[in-house]
Amino acid sequence: MVAIAGLITAAAVGGYRLNLTPSEPLGLWRIEALRRSAEIGDLVFVCPPATAKFEEARRRGYLRRGLCAGGFAPLIKTVAALPGQHVEITDHVVIDGRSLAASAVRKTDGEGRTITPYPGGVVPSGHLYLHSSFASSYDSRYFGPIPDSGLLGLARPILTFDP
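Since this is a predicted model, take the numbers as computed values, not measurements.

1. A short note on the overall build of the chain
Looking only at helices and strands, the chain features 3 helices and 11 strands. Mapped from its N terminus to its C terminus, the chain presents α and β elements in the order α-β-β-β-α-β-β-β-β-β-β-α-β-β. For the chain, whose C-alpha radius of gyration is 16 Å, the value lies close to the compact-globule estimate of 15 Å for 163 residues. For the chain, the spread of C-alpha atoms along the principal axes amounts to about 50 × 40 × 30 Å.

2. So, unusual backbone geometry
Phi angles above zero are rare outside glycine, and Asp96 is one such case at about 50 degrees. Topologically, Asp96 is positioned in the loop between β6 (93-95) and β7 (98-99). The phi torsion at Ala102 lies on the positive side, around 50 degrees, for a residue other than glycine. Note on placement: Ala102 falls in the loop between β7 and β8 (121-122).

3. Some points on the sheet that holds β7
Strand order in this open sheet of 4 strands is β7-β6-β5-β8, and the pairing throughout is antiparallel. Strand pairing shows two members of the sheet lacking a second neighbour, β7 and β8, which therefore form its edges.

4. A closer look at the side chain of Asp139
Position of Asp139 relative to the elements: it lies in the loop between β9 (127-131) and α3 (140-143). Of the polar contacts made by the side chain of Asp139, one reaches the side chain of Ser137; its length is 3.4 Å. For Asp139, the contacting residues outside a window of four places in its chain are Lys77, Leu130, His131 and Ser132.

5. Some words on the packing of aromatic side chains
The tally for this structure, following the rule as stated, stands at 7 aromatic pairs. Seen in terms of ring centroids, Phe54 and Tyr138 are 6.2 Å apart; in terms of plane orientation they differ by 80 degrees. Their pairing is edge-to-face. Separated by 84 residues along the polypeptide, Phe54 in helix α2 (residues 52-60) and Tyr138 in the loop between β9 and α3 bring together distant segments of the chain. For Phe54, a relative accessible area of 2% translates into the label buried.

6. Focus: a nonpolar patch on the surface
A cluster of nonpolar side chains, contributed by Tyr16, Ile158 and Leu159, occupies part of the molecular surface with about 300 Å² of accessible area. Within the secondary structure, Leu159 is located in strand β11 (residues 151-161). Overall, Leu159 belongs to the exposed group, its relative accessible area being 63%.

7. A short note on the sheet that holds strand β3 (residues 43-46)
Spatial strand order, β1-β2-β11-β3-β4-β9-β10: 7 strands in an open sheet with antiparallel pairing. Taken across any chain shown, the strands that pair with only one partner, and hence form the sheet edges, are β1 (16-19) and β10 (146-147).

8. Section: the nonpolar core
Most often, soluble globular proteins keep nonpolar side chains buried together rather than apart. If you look at the biggest cluster of nonpolar residues, it comprises 30 residues, and the most contacted ones within it are Val87, Tyr129 and Tyr138. Those elements giving two or more residues to this core turn out to be β3, α2, β4 (75-81), β5 (86-89), β6, β9 and α3. The element best represented in this core is β4, accounting for 4 residues. Trp29, Ile31, Phe45 and Ala155 belong to the second-largest nonpolar core, a separate cluster that totals 6 residues.

Scoring rules and cut-offs
- Residues numbered from 1 in each chain as written.
- Predicted model: local features only at pLDDT ≥ 70, side-chain atom pairs only at ≥ 80, totals over all residues.
- Heavy atoms only, no water.
- Helix = DSSP H or I, 4+ residues; strand = E, 2+ residues; numbered from the N terminus.
- Rg over C-alpha atoms; globule rule 2.2 N^0.38 Å.
- Pairing = 2+ DSSP bridges.
- Polar contact = N/O pair within 3.5 Å; in protein donor to acceptor, adjacent residues only side chain to side chain.
- Contact = heavy atoms within 4.5 Å.
- Phe/Tyr/Trp six-rings, centres within 6.5 Å; stacked < 30°, edge-to-face > 60°.
- Buried < 20%, exposed > 50% of the residue type's maximum accessible area, 1.4 Å probe, protein only.
- Patch = residues over 30% accessible without salt bridge, like charges linked within 9 Å, V, L, I, M, F, W, Y side chains within 5 Å.
- Areas by Shrake-Rupley, 256 points an atom, 1.4 Å probe, with all protein chains shown as cover.
- Salt bridge = Lys/Arg side-chain N within 4 Å of Asp/Glu carboxyl O.
- Core = buried A, V, L, I, M, F, W, Y, C linked by side-chain atoms within 4.5 Å.

Here's what the structure looks like:
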């Protein structure tokens, strides 16, 4: 039992994380240090801010418990828009006049509960607009841009599989 606890601790300290949500392939991932500013298309690990919106998301089962502030697990998402870019939400996401692929916006979640989309706007300084192509992903379509201060690094798959 001590050996297993030691192995888990070493993995966490080494930047390894298990992804158990279908937003990205399931399995073992690693957080790789990002030694530059985030760019469009980067697949990243990010801690969501400890806000009432994210607490509600955890109660609904969209987020798991973890080591981020507020007790949230880090998210794995793709950076879709950077500060200064304009995000429009219709039945899908439009960034600076261009439709974002696989970005349908739902009015209800998988349990039939109403889910309110982000109203759109300009991504503020110090924030990132995040996306996952998984149709039921809880991403910036619903929570809007989040502070880049929660950025942990690039997300690198180590041993993953699609369910």
